[in-house]
Amino acid sequence: MPVACRAVLRLVPITAALLIALHLPDAAAQSRHERAAQALQQRMDQAEGRYREAMVRVRNNEPEAVKEGDAALEDMEDVVVECGKLRGCDPAGFVTTFKRLLKADADAAAAVEEEDEIDPFDTDPDGMAAGAAGDVPEAARAAALLSDGRRFVEMVQYNPAVQEAIRRWLTDMRHSLIVSHENYQYMRDLMWPHYERSALPEALLFGILAKESTGRVHSTSRAGAAGPMQFMYATGRRFGLGPDATGFDTRYDPYASAQASAAYLNERMAELNRNIELALAAYNGGEGRALRIHNASGGRSFWDESVYSQFPPETRDYVPMVIAAAWLFLHPKKYGLEFPKVDARPATLTLQKPASIYELTICLGSSGSRYGYMRMLRNLNPRYQADEWIPAGTELRATTRVVGLYNRWCTRGARADLAHELVRSDPGSAVVRSGPAQPLPATAAAAVAPVTPASPREHRVARGETLGRIAERYGCDLGALARSNGIRPPRYALRPGQRLELGACQR
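Below: a short report on this structure.

1. Focus: the layout of surface pockets
The calculated volume of the second largest pocket comes to roughly 450 Å³. Taken together, 19 residues form the lining of the second largest pocket, with Glu212, Ala225, Gln230, Tyr283 and Asn284 sitting closest to its centre. Mapped by element, the contributors of at least two residues to the lining of the second largest pocket are helix H10 (202–212), helix H13 (276–285) and helix H16 (313–330). If you tally residues by element for the lining of the second largest pocket, the top one is H13, at four residues. Grouping the amino acids of the lining of the second largest pocket by side-chain chemistry returns eight nonpolar, six polar and five charged.

2. Things to note about the packing of aromatic side chains
Inspection of the entire model under this criterion finds 12 aromatic pairs. Pairing Phe302 with Phe311 gives two aromatic rings, centres 5.5 Å apart and planes at 45°, and the pair type is tilted. We note that Phe302, like Phe311, is buried. Clustering of aromatic rings is evident, with ring pairs tying together Tyr184, Phe206, Phe329 and Phe339. Of note, Arg268 hangs over the ring of Tyr264, and the distance from its end group to the ring centre comes to 4.7 Å. The ring of Trp409 carries the charged tip of Arg415 above its face, separated from the ring centre by 3.8 Å.

3. A look at the nonpolar core
Counting residues in hydrophobic clusters, the biggest one holds 83 residues, and the most contacted among them are Trp169, Tyr195, Ile208, Met229, Leu280, Leu360 and Leu364. No other element matches the 12 residues that H16 contributes to this core. Those residues in contact with Met229, other than ones at most four positions away along the chain, are Met191, Tyr195, Leu205, Ile208, Leu209, Glu212, Ser257, Ala258, Ser261 and Tyr283. Formed by 15 residues, the second largest nonpolar core is a distinct cluster that contains Leu40, Ala72, Met76 and Val80.

4. Here we look at empty space enclosed by the protein
Taken as a whole and judged by the stated rule, the model has one cavity of 30 Å³ or more. The space that makes up the largest cavity amounts to roughly 30 Å³. Along its surface, the largest cavity is lined by Lys353, Pro354, Ala355, Glu359, Leu360, Cys363, Tyr406 and Cys410. The element best represented in the lining of the largest cavity is helix H17 (residues 357–364), accounting for three residues. Across the lining of the largest cavity, the residue classes tally to six nonpolar, no polar and two charged.

5. Comments concerning unusual backbone geometry
The backbone of Ala199 shows a phi angle near 60°, a positive value even though the residue is not glycine. Tracing the backbone shows Ala199 in the loop between helix H9 (174–197) and H10. On the accessibility criterion, Ala199 (13% relative accessible area) is buried. Even without being a glycine, Thr214 presents a positive backbone phi close to 55°. Classification of Thr214 by relative accessible area gives buried; the value is 16%.

Definitions and limits used
Residues numbered from 1 in each chain as written. Predicted model: local features only at pLDDT ≥ 70, side-chain atom pairs only at ≥ 80, totals over all residues. Heavy atoms only, no water. 1 Å grid on protein atoms, 1.4 Å probe; cavity = no way out; pocket = protein on both sides within 12 Å on 5 of 7 lines; lining within 4 Å. Points joined across faces, edges and corners; volume = space filled by probe spheres on them. Helix = DSSP H or I, 4+ residues; strand = E, 2+ residues; numbered from the N terminus. Nonpolar A, V, L, I, M, F, W, Y, C, P; charged D, E, K, R; others polar. Phe/Tyr/Trp six-rings, centres within 6.5 Å; stacked < 30°, edge-to-face > 60°. Buried < 20%, exposed > 50% of the residue type's maximum accessible area, 1.4 Å probe, protein only. Lys NZ or Arg CZ within 6 Å of the ring centre and 35° of its normal. Core = buried A, V, L, I, M, F, W, Y, C linked by side-chain atoms within 4.5 Å. Contact = heavy atoms within 4.5 Å.

Next up, the structure:
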C-alpha cells in the first residue's frame, strides 16, 4: 500500500476521536489552562511540520523517513489525549490540522492511484486562444493553431503529411518521442517560461525539441547547429547565444536556448503573417528563403503547392514532424501513447566530495528512471563534461529525488566506493608489453634490480580523449594540467594530435 494511503488510514481514527471531543462540555477557562492549551497548540504545529517534512523525505526514498513520520503522528496523538484531559482546551483547532493533513495525504494517494486516468495535457489550459489579441506578442495570434484545437484538428484529419508524421512518431520513431518527453520534463522549468511569456504554445516547444535534438542539450549537427534547439552559430549570436566569459557556448544551455528560440519564432511570426508553418519552415530552412517565398506567394499558406514545392525536402519533412509531435504531446491517450512519468521537481545538489557526472551516474543507480540519471545531469549541467572532475561544494542542478539518492548512495558506502573505483580505473594499465622469455644466469638474475620507468614528459592527444581522462591517467590535478598548457575551463577543449606538457603530472 502506498505510504500516502497508510498515512490516511492512520489519520482517520485520530480525526474521529477529535470530532467526539468537540462535544465535551465546555468549562470555565483558567489562565493556567489557557497557557497549557497554547503549549499544546505549539506542539501540534511542530508535529505537523515534522510530519509534512517526513512525507517529502518518504517520497525521496530517504531512510528513516517513515519512522519520523510515525513519530510525528504519535506526538499529535499525545496532544489530542492531553487536550481531552485539559479543561478549557478547544479541540477545534486540532480538528482543522488533521483535516488539512487528511486532505493533503488523500490527494497524494489519489494521484498515485488515479494518475493513469488523468490526461495531464489540455489544448487550452490557460485560455490562450481567447486572449491572443491586443498588444501581446505577434505569436499569440497564431497560438490558436495549437491551443484551441480547431484548425489543428482539421490539419490532423485531412492533411496526409501530418498524418504520416504522426504514424512515424508512433512507430519507428516512438522511442525517440518518448525519450524526448522524458528529457523535456526535467528541463521544463528552465524552458517553458520563455515560451509562456511569448504566448507560444508549450506543445510547439516540445515539437521543436523532439525533432531537433530529442532533448539532448549537447547535440551538434554536421552543419554546425548546436544545443537542444539547434541554433547555428551566427543566428545564435543574433539572439544572445555563443561563448560567454568562461568560453562556454550558451547554445548548449537549455534556459538560454529556449529564450532565444522564443524570441526567434516571435520575430518570424511578425514578418510571416503569424503563420506557424512558415515560421517553422524558416527555423529549419532559413529565414531568408521563407520570407522570400512568403512575399512572392500572395499570402498563400505553407501547404499551397506553389509555396510548399519551393522548400527543400528536409523542410517539407520538418514542418509536419514538429506539428505531429506537438499534437501527440497534447493528446497522448488518444493514440494509446503513454509518456513516462518522472519526478522532475527541481532541487540543488551540493557535492560533498569531488565527483564526475560519470561517477554520480553509477552511484545514483536507476531508481525511478529506466536509463539512469546521466542524461538528466548532463542536460541540467551542460557546462561540465561527463568525465570532468567537479570540486566539492559545487552546486549542481538536479531533482529532489536525485538529491535523496545522492545522500543515500554517493557520499559513503560500498556503492560510492565502487563508483569511484570504476571511474578512476586506467585502461592503459591493463596492457602489458613483453618480449620472448630469455633465461638469465643465476648470478645475472640476482644482480638485476627493479627499474622504475621514467615518467613521460608529454602526452599526445588521441581522438576522443578528454583532459579529465588524461589527468586521471597521469595522476595530475585537472586544474594544474589545464593551466600549464593554457587550456581554458570549463570545456577544456582538446584537438587530436595536440601535445600536452606533463611537468605538473609526474606520478
